[in-house]
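One letter stands for each residue in the lines below.
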Amino acid sequence: AKGSWSEGYETLIANDENIKNTPIVKLLANILKIVKAIFNHEYYQKEFKKAFVSVARSFLYNYTDEEIYKIVTNNTYKETKLFKTIKESLYNNSSLPLAEKIENLVLDLNIYNRCIKSGNIIKNEKYLDLFINLFKEMTRLDYTLDDFLLYLENIDTYNLKLNLSSTGSTVDSVKLMNIHK
């Protein structure tokens, strides 16, 4: 036979990726928990403390275990750069709808640029974009911050997924997709 059926075509292997448990999505969920605590003035609740520690330890702030221990032991969350940056961003954007507040917060925290420290930059940017777009869409449908956090918590319970669609050039390409569930 002269050549193969795919000669001259790019082969693209496509497989959607469930991103719920990626570090970026977990980080964003924890940031939203901190935002919720700030909105509700619930700074010393267990959920806030866990979210704070997670974000403080992340590539975003890189607090040492010793610094985190002192903050938790002395309840000095409000005095940290992490807390002040989030609260200031929310205050500066207080007149905006919730989705825009969160989008501006992501920019104020410089998450896109700091993704450099966390590995695959392009993939992490796609995770950020997907998360922000999902949040925007759900707030457009009148979901509250609490509703969105509940959705994230129950993704596994109800067998839901946060999928990042595989992307690539579809011009002159043959897609090979995994049909196994």
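Rules used in this analysis
- Residues numbered from 1 in each chain as written.
- Predicted model: local features only at pLDDT ≥ 70, side-chain atom pairs only at ≥ 80, totals over all residues.
- Heavy atoms only, no water.
- Helix = DSSP H or I, 4+ residues; strand = E, 2+ residues; numbered from the N terminus.
- Expected span 1.5 Å × (residues − 1).
- Buried < 20%, exposed > 50% of the residue type's maximum accessible area, 1.4 Å probe, protein only.
- Arc of directions from axis to C-beta.
- Contact = heavy atoms within 4.5 Å.
- Salt bridge = Lys/Arg side-chain N within 4 Å of Asp/Glu carboxyl O.
- Axes fitted to C-alpha atoms, helices over the stretch in contact; angles between N-to-C directions.
- Parallel < 35°, antiparallel > 145°, perpendicular 65-115°, else oblique.
- Left-handed = near helix turned anticlockwise from the far one by under 90°.
- pLDDT = per-residue confidence, 0-100.
- Lys, Arg positive; Asp, Glu negative; His and termini not counted.
- Polar contact = N/O pair within 3.5 Å; in protein donor to acceptor, adjacent residues only side chain to side chain.

What to know about helix H4 (residues 81-92)
Phase 1: Spanning 12 residues, H4 covers 16 Å between terminal C-alpha atoms, matching the ideal 16 Å at 1.5 Å per step.
Phase 2: Within H4, the full set of buried residues consists of Leu 82, Phe 83, Ile 86, Ser 89 and Leu 90. Seen from one end, H4 has its buried residues packed into an arc of 140°, which puts them on one side. Along H4, exposed side chains directed more than 90 degrees from the buried face belong to Lys 81, Glu 88, Tyr 91 and Asn 92.
Phase 3: Those residues of H4 hidden inside the fold are in contact with helix H1 (23-40), helix H2 (46-57) and helix H5 (98-108).

What to know about the pattern of salt bridges
Phase 1: Enumeration over the complete set of coordinates arrives at 6 salt bridges.
Phase 2: Between Asp 65 and Arg 57 there is a salt bridge; the shortest N-O distance is 2.8 Å.
Phase 3: On the basis of relative accessibility, which here comes to 52%, the residue Asp 65 falls in the exposed class.
Phase 4: In this structure Arg 57 comes out as partly exposed when scored by relative accessible area, which is 47%.
Phase 5: Through salt bridges with shared partners, one network takes in Lys 36, Glu 47 and Asp 146.

Examining the packing of H1 against helix H7 (residues 121-140)
Phase 1: Running from amino to carboxyl end, H1 crosses H7 at an angle of 40°, the nearest separation of the two axes being 9 Å. The pairing of H1 with H7 is recorded here as oblique in orientation. In this structure, H1 crosses over H7, and the sense of that crossing is right-handed. Contacts between H1 and H7 involve Ile 24, Val 25, Leu 28, Ala 29 and Leu 32 from the first element and Asn 124, Tyr 127, Leu 128, Phe 131 and Phe 135 from the second.

Quick word on the confidence of the model for the protein chain
Phase 1: Predicted confidence across the protein chain gives a mean pLDDT of 81, with 75% of residues reaching 70 or more.
Phase 2: Within the model, the stretch residues 1-15 combines pLDDT values under 50 with 23 contacts to residues more than four positions away or in other chains.
Phase 3: Confidence drops under a pLDDT of 50 for residues 168-181, and excluding neighbours within four residues, the segment shows 21 contacts in the predicted structure.

Quick look at the side chain of Arg 114
Phase 1: Residue position: Arg 114 is located in helix H6 (residues 111-114).
Phase 2: Although Arg 114 is buried, it forms no salt bridge, and the closest oppositely charged side chain is Asp 108 at an N-O distance of 11 Å.
Phase 3: Of the polar contacts made by the side chain of Arg 114, one reaches the backbone oxygen of Leu 60; its length is 2.8 Å.
Phase 4: Setting aside its immediate chain neighbours within four residues, Arg 114 contacts Phe 59, Leu 60, Tyr 61 and Leu 109.

Some thoughts on H5
Phase 1: Listing the buried residues of H5 in full gives Ala 99, Lys 101, Ile 102, Leu 105 and Val 106. Buried residues of H5, viewed axially, fall in a sector of 160°; they line one side.
Phase 2: Summarising the contacts, the buried residues of H5 are in contact with H1, H4, H6 and H7.
Phase 3: A positive backbone phi angle near 60° is found at Asn 110, which sits one or two residues after H5.

Details of the environment of Asn 104
Phase 1: Along the chain, the position of Asn 104 falls in helix H5.
Phase 2: What makes Asn 104 partly exposed here is its relative accessible area of 23%.
Phase 3: Discounting chain neighbours no more than four positions away, the residues touching Asn 104 are Ser 89, Asn 93 and Leu 96.

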